[in-house]
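# Structural features, examined
What follows is each chain in one-letter form.
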Amino acid sequence: MKIRPLHDRVVVRRKEEEQTTAGGILLPGAAAEKPNQGEVVAVGNGRVLDNGDVQALAVSVGDIVVFGKYSGSNTITVDGEELLILNESEIYGVIEG
Amino acid sequence: MKIRPLHDRVVVRRKEEEQTTAGGILLPGAAAEKPNQGEVVAVGNGRVLDNGDVQALAVSVGDIVVFGKYSGSNTITVDGEELLILNESEIYGVIEG
Amino acid sequence: MKIRPLHDRVVVRRKEEEQTTAGGILLPGAAAEKPNQGEVVAVGNGRVLDNGDVQALAVSVGDIVVFGKYSGSNTITVDGEELLILNESEIYGVIEG
Amino acid sequence: MKIRPLHDRVVVRRKEEEQTTAGGILLPGAAAEKPNQGEVVAVGNGRVLDNGDVQALAVSVGDIVVFGKYSGSNTITVDGEELLILNESEIYGVIEG
Amino acid sequence: MKIRPLHDRVVVRRKEEEQTTAGGILLPGAAAEKPNQGEVVAVGNGRVLDNGDVQALAVSVGDIVVFGKYSGSNTITVDGEELLILNESEIYGVIEG
Amino acid sequence: MKIRPLHDRVVVRRKEEEQTTAGGILLPGAAAEKPNQGEVVAVGNGRVLDNGDVQALAVSVGDIVVFGKYSGSNTITVDGEELLILNESEIYGVIEG
Amino acid sequence: MKIRPLHDRVVVRRKEEEQTTAGGILLPGAAAEKPNQGEVVAVGNGRVLDNGDVQALAVSVGDIVVFGKYSGSNTITVDGEELLILNESEIYGVIEG
């Protein structure tokens, strides 16, 4: 099963966080802040401008992206895995190198 | 009886959720979260842009779509069946494969 | 007496609801939810776009339309009958067949 | 003394309401709801569009217009008479016939 | 000393109100509502449209204008006199004759 | 050290107020209202319009400007002096003569 | 590891503040206000205008910029260093000389 995002939406697999502190203590899920990074899994065709032109997105499948701390509340479960659905405008940048 | 949605509206039949837990316990209606997926039943002619052009919608009748958890409060009962009326902008993507 | 709506406004005669339950009990007015359907009685010339063009409305006199549950608070009494004044954007679709 | 409204403003003389009930009881001013109808007394040159063009208004002096129940709080006293100053967008339609 | 307002701003000298009631009783300042009329003292070059064009204002120096009851809180003291600074959009119309 | 403001921002040195009343009583800082006037120290290249054109600002270095009473909370300390950073839209006009 | 900001975003390394008062007393982190200045580390390709054109940003890598006191809450940790992600519109100006 796959999801084809519409327009300027981007599907992202959130990076998993180490659940242990530097001292090796295991943190319960609720105590660990979810990382605001992830891998792009699918991208829409582009943003529709006021004049009807479509602007291709600036991120590609496989990119590691950083998004806002308060983004990422829209999710969908695909094949048992929870994925995020973001607007491109919620993505700050791409991690490189 | 049919409904012809205007402009960028989409009529969606919400997917029914299994009302039993993995362990086989029947959940009462209120306890089960409604699934934010459904099948497109009808689509409008398209979104009217600022310059008056009409942009055809990116979803078609028969598509299985995912929409926001907080979307789906606008409903209409057609032939005894409750259908959702969404704006295309409330639809995140289309499930494929 | 007639009302000529301006621009993208639509005058609608709200559908009357059966005031009895399935079991035949008469409901007092306040207990029955008003139906969010009605018949178009008059339509404006069209919506004025940013560039000054006028876009004709997508509904016509005689159409049976569905509108938002929270629309319909603007009313006018014409010849003793209460009619609704809606923006076309408050109308979800047209009932056909 | 006259007032020349600017742009898309319209000066309206609110219709006076009968201050007696059907049974002939005189209502004090505060108890009677003010009618949301009136006669157009003056109109502006038109609405200035984003591109600088001026769009003439769709109402004329002498028209009987219907406006929103919550419109009409901007008033001016001209020769001892209180008149309303509305935006054309606050006017729903024109009463005819 | 003079003030040259920018763009679509207008400098207005508020009309002084008679501080006595019809019966001749002198009202203290706070009890009298300030009149929402005044004389235009200076006008800006015009409103800058989205396309960069400048639209000249529809009021001129010397005009007696009416403005919103809740406008007029932006003031400047020029040569000991308090003047209002309004946007043209806060002005309803011009008193004539 | 200098600051080059971006786009439609303007750097202003707020006018100092006499800290004594008419009767010669020295007011503590907090009791005196800060004057909403000042001298332009630097201006940006201009406002970027929707179509990408740049509109030069209507104020110049050395102008004495009046701004809103509630503007002026964005400050920067340059060489030990506190300067205001305003948008041109917060400036009402220029004092002349 | 590097971050490539999208569109009109700018990555900034916030200036470190002296953590001692004039009198030499060491301030704990929470007591010192964070400086609203920093060095540009990376810039996006530019802001996408309504017509689809891309407007290059007015700041460059290495610029020392001033931003709003309430900006700077969006951060990313790159190689153990916390960096800010700003919109160009949050940047007031560039420090020169």
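Scroll up to find the structure.
Residues numbered from 1 in each chain as written. Chains lettered and ligands numbered in written order. Predicted model: local features only at pLDDT ≥ 70, side-chain atom pairs only at ≥ 80, totals over all residues. Heavy atoms only, no water.

The helix and strand inventory of chain A stands at zero helices and nine strands. The secondary structure elements of chain A, listed N-terminal to C-terminal, are β-β-β-β-β-β-β-β-β. Each of the 97 residues in chain A was classed as buried or not, and the buried ones make up 43%. Counting only carbon and sulfur atoms, one obtains 47% of the accessible surface of chain A, whose full area is about 5,100 Å². (Helix = DSSP H or I, 4+ residues; strand = E, 2+ residues; numbered from the N terminus. Buried < 20%, exposed > 50% of the residue type's maximum accessible area, 1.4 Å probe, protein only. Areas by Shrake-Rupley, 256 points an atom, 1.4 Å probe, with all protein chains shown as cover.)

Attention now goes to the pairing of strand β8 (residues 81-87) of chain C. All names here are of chain C. Taken together, the four bridges between strand β2 (residues 9-14) and β8 define a ladder with antiparallel strand orientation. Within the sheet, the bridge partner assigned to V12 lies in β8 and is L84. Here strand β7 (residues 75-78) runs beside β8; their pairing, made up of four bridges, is antiparallel. Its bridge partner being in β8, I76 is matched across the sheet by L83. The antiparallel hairpin formed by β7 and β8 contains two residues in its connecting segment, where D79 sits at a positive phi of about 50°. (Pairing = 2+ DSSP bridges.)

Right, let's get into the interface of chain D and chain C. Contacts between chain D and chain C engage 21 residues on the former and 18 residues on the latter. Interface of chain D and chain C: buried area, both sides summed, is about 1,700 Å²; carbon and sulfur atoms make up 50% of it. Linking chain D with chain C are one salt bridge, by the criterion used here. Two residues, E96(D) and R4(C), come together in a salt bridge whose shortest N-O distance is 3.0 Å. At the boundary of chain D and chain C, one finds eight residue pairs in polar contact (both at pLDDT 80 or more). Among the elements that line the side of chain D that touches chain C, the one with the most residues is strand β9 (residues 91-96) of chain D, at six residues. The class makeup of the residues in the side of chain D that touches chain C is eight nonpolar, seven polar and six charged. Summarising the sheet, strand β1 (residues 2-5) of chain C and β9(D) pair through four bridges and their orientation is antiparallel. Within β9(D), the residue paired with R4(C) across the bridge is V94(D). (Contact = heavy atoms within 4.5 Å. Buried area = accessible area lost by both parts, 1.4 Å probe. Salt bridge = Lys/Arg side-chain N within 4 Å of Asp/Glu carboxyl O. Polar contact = N/O pair within 3.5 Å; in protein donor to acceptor, adjacent residues only side chain to side chain. Nonpolar A, V, L, I, M, F, W, Y, C, P; charged D, E, K, R; others polar.)

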